[in-house]
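# Summary of the model geometry
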Amino acid sequence: MDSFATLPHIPLDAIDLRLLDQLQRDASLSNQALAQRCHVSPATCLRRVRRLVEAGVIERRVALLSPERLGAGLTAIVEITLDQQAAERLAAFEARAVAEPQVQQCYRVSSGPDFVLVIQVRDMDAYHALAQRLFTNDANVRNVKAYFAVKRAKFEPALNLPPPSA
C-alpha cells in the first residue's frame, strides 16, 4: 500500500483529543495520571488509548533526546535529485536512505528534488562519511544540495489537533 493512501477516518471526540494532546506533551504519563489530566476514569483512558493505538492514530511513543548533549550537533537538510526516476530506482535510494541511522527523516517530494532528508550527525566529518556512502557511491544520484542548520529556532513534533468530529 502506498504510504499516502487514504486511510479510513477515525472519529475523534473531545476526550480523544485531550488524550492525544496530553500524550504529545508527555508520553511517559502513567494511565492514572493521564486519566486525571483528561478528567476520565483510568479504565476509560486505557480503553481509548488502546483504540487510538490500534487505529494507528498513535504510531509510537518515544523520548526526544538532545542532539547537542549527545554529541550529534550538526543538522543537515539535504535535497537529492536522482538521474533516473523509475519506481525501482526511487525505491532503491529510499531503502538505502532509511537504513542509515543518521537519516532522521526521509521524504519523497514532488516538484523539485526527488527526496529531502533531515540528517543528524556528530560533525562535518561524519556528514562527509555519510555523504560518501549515500550519495557519492550511488551512480544514480545526480545532484545533492545540503543546507546546514546554524540555529534551531523551533522543534515541535506535536501535531495541531483538529476540532472534535460532529
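Above this text is the structure in question.
This report concerns the structure included in the present document. Treat the numbers as computed from the prediction; the structure is a model and nothing was measured. (Residues numbered from 1 in each chain as written. Predicted model: local features only at pLDDT ≥ 70, side-chain atom pairs only at ≥ 80, totals over all residues. Heavy atoms only, no water.)

## With respect to the overall build of the protein chain
The secondary structure content of the protein chain amounts to 5 helices and 4 strands. For the protein chain, the C-alpha radius of gyration of 20 Å lies well beyond 15 Å, the compact-globule estimate for 166 residues. Overall size of the protein chain, expressed as C-alpha extent along the three principal axes, is 55 × 40 × 25 Å. Looking at the 166 residues of the protein chain, the share that counts as buried comes to 29%. The long-range fraction of contacts in the protein chain, counting pairs at least 24 apart against all pairs at least 6 apart in sequence, stands at 63%. (Helix = DSSP H or I, 4+ residues; strand = E, 2+ residues; numbered from the N terminus. Rg over C-alpha atoms; globule rule 2.2 N^0.38 Å. Buried < 20%, exposed > 50% of the residue type's maximum accessible area, 1.4 Å probe, protein only. Contact = heavy atoms within 4.5 Å.)

## Description of the packing of helix H4 (residues 87-99) against helix H5 (residues 124-136)
The geometry of H4 relative to H5 is characterised by a closest axis approach of 10 Å and an angle of 160 degrees between their N-to-C directions. Comparing their axes, H5 and H4 come out roughly antiparallel. Two packed elements cross with a definite hand, and for H4 against H5 that hand is right-handed. Side by side, H4 and H5 meet where Phe93, Arg96 and Ala97 of the first sit next to Arg133, Leu134 and Phe135 of the second. (Axes fitted to C-alpha atoms, helices over the stretch in contact; angles between N-to-C directions. Parallel < 35°, antiparallel > 145°, perpendicular 65-115°, else oblique. Left-handed = near helix turned anticlockwise from the far one by under 90°.)

## Regarding the nonpolar core
Counting 20 residues, the largest nonpolar core has Ile80, Phe93, Leu117, Ile119, Tyr127 and Phe135 as the members making the most contacts within it. Secondary-structure elements contributing two or more residues to this core are strand S1 (74-82), H4, strand S3 (115-121) and H5. By size, the runner-up hydrophobic cluster in this structure holds 14 residues, among which are Leu23, Leu29, Cys45 and Ile58. (Core = buried A, V, L, I, M, F, W, Y, C linked by side-chain atoms within 4.5 Å.)

## Details of helix H1 (residues 14-25)
With 12 residues, H1 should cover 16 Å at 1.5 Å per step; its first-to-last C-alpha distance of 17 Å lies within 8% of that length. Listed in full, the buried residues belonging to H1 are Asp16, Leu17, Leu19, Leu20, Gln22 and Leu23. Buried-residue contacts for H1 involve helix H2 (31-38) and helix H3 (42-54). N-capping of H1 is provided by Asp13, with a side-chain oxygen placed 3.1 Å from the backbone N of Ile15. (Expected span 1.5 Å × (residues − 1). Polar contact = N/O pair within 3.5 Å; in protein donor to acceptor, adjacent residues only side chain to side chain.)

## A short note on the pattern of salt bridges
Summed over all chains, the structure comprises 8 salt bridges. Put simply, Glu100 and Arg133 hold a salt bridge, and the shortest N to O gap is 2.9 Å. Residue Glu100 is located in the loop between H4 and strand S2 (103-108), and its partner Arg133 is located in helix H5; the two are separated by 33 residues in the primary sequence. Assessed through its relative accessible area of 15%, Glu100 is described here as buried. (Salt bridge = Lys/Arg side-chain N within 4 Å of Asp/Glu carboxyl O.)

## Digging into H2
Among the residues of H2, those classed as buried are Leu34, Ala35 and Cys38. In an axial view of H2, the angular spread of the buried residues amounts to 100 degrees, which keeps them on one side of the axis. Looking at the buried residues of H2, the elements they touch are H1 and H3. Of the residues one or two after H2, His39 is the one with positive phi, at around 60 degrees. (Arc of directions from axis to C-beta.)

## Section: the environment of Ala95
Tracing the backbone shows Ala95 in helix H4. Taking the C-alpha atoms as reference points, Ala95 and Arg47, 48 residues apart in sequence, are found 36 Å from one another.

## Topic: the sheet that holds S3
Judged by pairing direction, the sheet is antiparallel, and its 4 strands sit side by side in the order S2-S3-S1-S4 without closing on themselves. Two strands bound the open sheet, and with one partner strand each, they are S2 and strand S4 (141-148). Adjacent strand axes in the sheet meet at a mean angle of 20 degrees, parallel and antiparallel pairs treated alike. In the sheet, S1 pairs with S3 via 7 bridges, with the strands oriented antiparallel. Bridge pairing in S3 links Glu79 to Val116. Its contacts with the sheet put H4 on S1, S2, S3 and S4, and the angle it makes with S2 is roughly 165 degrees. (Pairing = 2+ DSSP bridges.)

Keep in mind these values describe shape, not function.
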